[in-house]
Each structure stands twice: as C-alpha cells, then as structure tokens.
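# Coordinate analysis (summary)
What follows is each chain in one-letter form.
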Amino acid sequence: MPRKVLIVEDDRNIADLLRLYLEKEGMECQTAGDGLVGLEKFQQFQPDLMLLDIMLPGMDGWAVCRKVRETSKTPIIMLTAKGELTDKVNGLEMGADDYITKPFEMKEVLARVHAVMRRFGEE
C-alpha cells in the first residue's frame, strides 16, 4: 500500500512540484491550499506524513500543527520561507519532526521525507 502524504501549501506551483516528485516515489498525495482545508483533509485522508507551510490563509501552519498534535503523532515536516532560528526552534518544539526552509532542493526534501518515514516505521 502506498504511503500517504498531505501537502498543505498555498503556493500552487510548489504544491504541484512536491506532489509530482512524491508520486514519482510511489506515494499517494493530496494537497490543500489553506490551513483550515488542510486540517479537514488531515482528518479525512489520514496521511502517514504531512508537509506543512507556516504562512497559510485560513489558519496558519503553527495552529494546524498544534491542532494535529492534540490527537495525532503523524510526522510533520514544516516546509517554509520562515528561516529564522526562532522559527525553526518554535516549529520543532511545537511538534514538527523536521523543518526545511525555502528555497529547497527536491532531493533534500525527498531524503528527509524518507528519513522521517523510516523513523516512524512508515517505510
């Protein structure tokens, strides 16, 4: 059964690129362009991993991460332009399992996705 990844990213080009590469790796993906929709899709899709932007319409990624952590240990990788040390520390302390800053190299994202999934027994 393919691993399921939810991509919560408001930049359509980035979301489509991530989806394309992850599907090429054999993963099933869904996308959401805002935090509220992302939270709804998280409940419905029940992904094995979430790639989560911080600056989102509807509900920001910080709030989405907090809400998900109330009920789930599903791995979350923050994928965001917010690259300050305090942002990274906040994301990890809030419950994210990894933090990648934009711009990013797709090879690194794929390697981190696989690493987090291995750590959580998803691969």
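In short, a report on the structure. (Residues numbered from 1 in each chain as written. Predicted model: local features only at pLDDT ≥ 70, side-chain atom pairs only at ≥ 80, totals over all residues. Heavy atoms only, no water.)

It is worth spelling out helix α3 (residues 61-71) at this point. For an α-helix the count is 3.6 residues per turn, leaving residues at separations of three or four pointing the same way. Taken together, the buried positions of α3 are Gly61, Trp62, Val64, Cys65 and Val68. Projection of α3 onto a plane perpendicular to its axis shows the buried side chains occupying an angular sector of 160°, all on one side. Set apart from the buried face of α3 by more than 90 degrees, the exposed residues are Glu70 and Thr71. Buried residues along α3 sit against α2 (35-45), β3 (49-52), β4 (76-80) and α4 (85-94). (Buried < 20%, exposed > 50% of the residue type's maximum accessible area, 1.4 Å probe, protein only. Helix = DSSP H or I, 4+ residues; strand = E, 2+ residues; numbered from the N terminus. Arc of directions from axis to C-beta. Contact = heavy atoms within 4.5 Å.)

Pairing is parallel across the open sheet formed by 5 strands, whose spatial order is β2-β1-β3-β4-β5. Strand pairing shows two members of the sheet lacking a second neighbour, β2 (28-32) and β5 (98-101), which therefore form its edges. Strand-to-strand, the axes of this sheet are offset by a mean angle of 20°, without reference to chain direction. For β3 and β4, the ladder comprises 3 bridges, and the chain directions are parallel. Across the sheet, residue Leu51 finds its bridge partner in β4, namely Ile77. Strands in contact with helix α5 (residues 106-119) are β1 (4-8), β3, β4 and β5; relative to β5, the strand with the most contacts, it is inclined by about 175°. (Pairing = 2+ DSSP bridges. Axes fitted to C-alpha atoms, helices over the stretch in contact; angles between N-to-C directions.)

Summarising the element assignment, Thr74 is placed in the loop between α3 and β4. Each residue touching Thr74, except ones within four places of it in the same chain, is listed here: Phe42, Pro47, Asp48, Leu49, Met50, Arg69 and Asp97.

Here we come to unusual backbone geometry. The omega torsion of the bond from Lys102 to Pro103 falls at -5°, within 30 degrees of zero and hence cis. With respect to the helices, strands and loops of the structure, Pro103 is situated in the loop between β5 and α5. Here the phi dihedral of Gln46 falls at roughly 50°; this positive angle occurs in a residue that is not glycine. Structurally, the position occupied by Gln46 is in the loop between α2 and β3.

Let's shift gears to the pattern of salt bridges. It is possible for side chains of opposite charge to pair when their charged atoms get near one another. Taken as a whole, this structure holds 9 salt bridges when the rule is applied. Between Arg112 and Asp98 there is a salt bridge; the shortest N-O distance is 2.7 Å. With Arg112 in helix α5 and Asp98 in strand β5, this pair connects stretches of sequence that are 14 residues apart. Measuring nitrogen to oxygen at the nearest pair gives 2.8 Å for the salt bridge that ties Arg112 to Glu108. Here Glu108 and Arg112 lie together in helix α5, a separation of 4 residues that amounts to about one turn. Its relative accessible area of 34% is what places Glu108 among the partly exposed residues. (Salt bridge = Lys/Arg side-chain N within 4 Å of Asp/Glu carboxyl O.)

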